[in-house]
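Structure assessment
Take a look at the letters that make up each chain.
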Amino acid sequence: SRDWSSDVCSSDLLPGMRTLAPGIAGYLIKPFQRAHVRAAVEAALHDPQAIWLGARRRPHVLIVEDFPPSQQFATLTLTMSGVVVDTAASRVAALRSTSTRRYDLILMDFLLPDGNGHDTTETIHAEQERRGEAPTPVVAITAMTLPQLADAQSDKVFEGVYFKPLTAPELRAVVVRHAPMTR
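If you're wondering where the values come from, they're calculated on a predicted model, not measured in any experiment.

Calculation notes
Residues numbered from 1 in each chain as written. Predicted model: local features only at pLDDT ≥ 70, side-chain atom pairs only at ≥ 80, totals over all residues. Heavy atoms only, no water. Axes fitted to C-alpha atoms, helices over the stretch in contact; angles between N-to-C directions. Helix = DSSP H or I, 4+ residues; strand = E, 2+ residues; numbered from the N terminus. Parallel < 35°, antiparallel > 145°, perpendicular 65-115°, else oblique. Left-handed = near helix turned anticlockwise from the far one by under 90°. Contact = heavy atoms within 4.5 Å. Nonpolar A, V, L, I, M, F, W, Y, C, P; charged D, E, K, R; others polar. Expected span 1.5 Å × (residues − 1). Buried < 20%, exposed > 50% of the residue type's maximum accessible area, 1.4 Å probe, protein only. Arc of directions from axis to C-beta. Polar contact = N/O pair within 3.5 Å; in protein donor to acceptor, adjacent residues only side chain to side chain. Pairing = 2+ DSSP bridges.

A closer look at the packing of helix H2 (residues 68–80) against helix H6 (residues 168–178)
Direction vectors running N to C along H2 and H6 enclose 70 degrees, while the axes themselves pass 10 Å from each other. Relative to H6, the element H2 is oriented roughly perpendicular. Here the hand of the crossing between H2 and H6 comes out right-handed. For the pair H2 and H6, contact is made by Phe73, Ala74, Thr77 and Leu78 and by Ala168, Leu171, Arg172 and Val175, respectively. Residue classes in the contact of H2 with H6 are distributed as six nonpolar, one polar and one charged.

Structure, rendered in structure tokens:
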């Protein structure tokens, strides 16, 4: 099969074109075919930060996760993707973080050492309402099974529920889908 990558131009491929307009990492030369577009998309997928091109700013996400390897994976994945990340390993730490800072999205583990993600989310939203703020979208990321979550989801406190383990592309997709600035 033909290597279509030669039809996709980027700033590092063309001499004298080291700087393109902000938010433009490359371009296609007309006329192009479906394969050209596919090659451009594949090239962008190899650059995780390309997700945020054109956004007015990068999303700021709070990761509430008490298991250090999971917290480190999510932090590294999202940071390398250009997301600004804060972390909290407990309910108390999450409440402290959300009392002093606004986030575009909160990724909430369901089981925390000092509470659960559902009650923590309700408390965060109640405090935001008291301050006259819109509720921050909260997504649950859990190892629990769907039947275990059924009661907790009956009031729709979470914008979404995702089950561990998530791959790096899946985690990035969660942020793209749920962070208001990227919708």
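Okay, back to it.
Structural notes on H2
Taking 1.5 Å of rise per residue, the 13 residues of H2 would be expected to cover 18 Å, and the 18 Å separating its terminal C-alpha atoms lies within 8% of that figure. Along H2, the residues that are buried comprise Gln71, Ala74, Thr77 and Leu78. All buried residues of H2 project into a common sector of 140 degrees when viewed along the axis, lining one side. Residues of H2 that are exposed and angled more than 90 degrees away from the buried face: Gln72, Leu76 and Met80. Residues of H2 that are buried make contact with strand E3 (60–64), strand E4 (84–88), strand E5 (105–109) and H6. Once H2 ends, the next one or two residues include Gly82, with phi positive near 90 degrees.

Description of the environment of Met108
Note that Met108 resides in strand E5. Note: C-alpha distance between Met108 and His118 (ten residues apart in sequence) is 8.6 Å. Those residues in contact with Met108 that lie beyond four places of it in its chain are Val64, Gly117, Thr120, Thr121, Ile124, Val138, Val139, Ala140, Ile141 and Phe158.

A short note on the packing of helix H3 (residues 91–100) against helix H4 (residues 117–130)
Contact geometry for H3 and H4: axes closest at 10 Å, N-to-C directions at 20 degrees. By the angle class used here, H3 and H4 are roughly parallel. As for how H3 packs across H4, the hand of that crossing is right-handed. Side by side, H3 and H4 meet where Arg91, Ala94, Leu95 and Thr98 of the first sit next to Asp119, Thr120, Thr123 and Ile124 of the second. Across the contact of H3 with H4, the residue classes break down as three nonpolar, three polar and two charged.

A word on the side chain of Ser90
Tracing the chain through its elements places Ser90 in the loop between E4 and H3. The class of Ser90 is buried, set by a relative accessible area of 16%. For Ser90, the side chain forms a polar contact with the main-chain nitrogen of Ala93, separated by 3.1 Å. Filtering out sequence-adjacent residues up to four positions away, Ser90 remains in contact with Val64, Leu112, Pro113 and Asp114.

Here's the deal with the pairing of strand E8 (residues 138–142)
Regular strands place side chains that alternate from one sheet face to the opposite one. Taking burial as the measure, the five residues of E8 include five buried ones, the bulk of the element. Residues Val138, Ala140 and Thr142 line one face of E8 and the alternating positions Val139 and Ile141 line the opposite face, and both faces are buried. Relative to E8, E5 runs parallel, the two being bridged by four bridges. Bridge assignment links Leu107 to a residue of E8, and that residue is Val139. Sheet topology places E8 next to strand E9 (residues 160–163); four bridges connect them, and they run parallel. When the sheet's bridge partners are listed, Val139 is paired in E9 with Gly160.

A short note on unusual backbone geometry
Of note, the bond from Lys164 into Pro165 is cis; its omega dihedral lies within 30 degrees of zero at -5 degrees. For Pro165, the location among the structural elements is in the loop between E9 and H6.

Read these as spatial facts, not as claims about activity.
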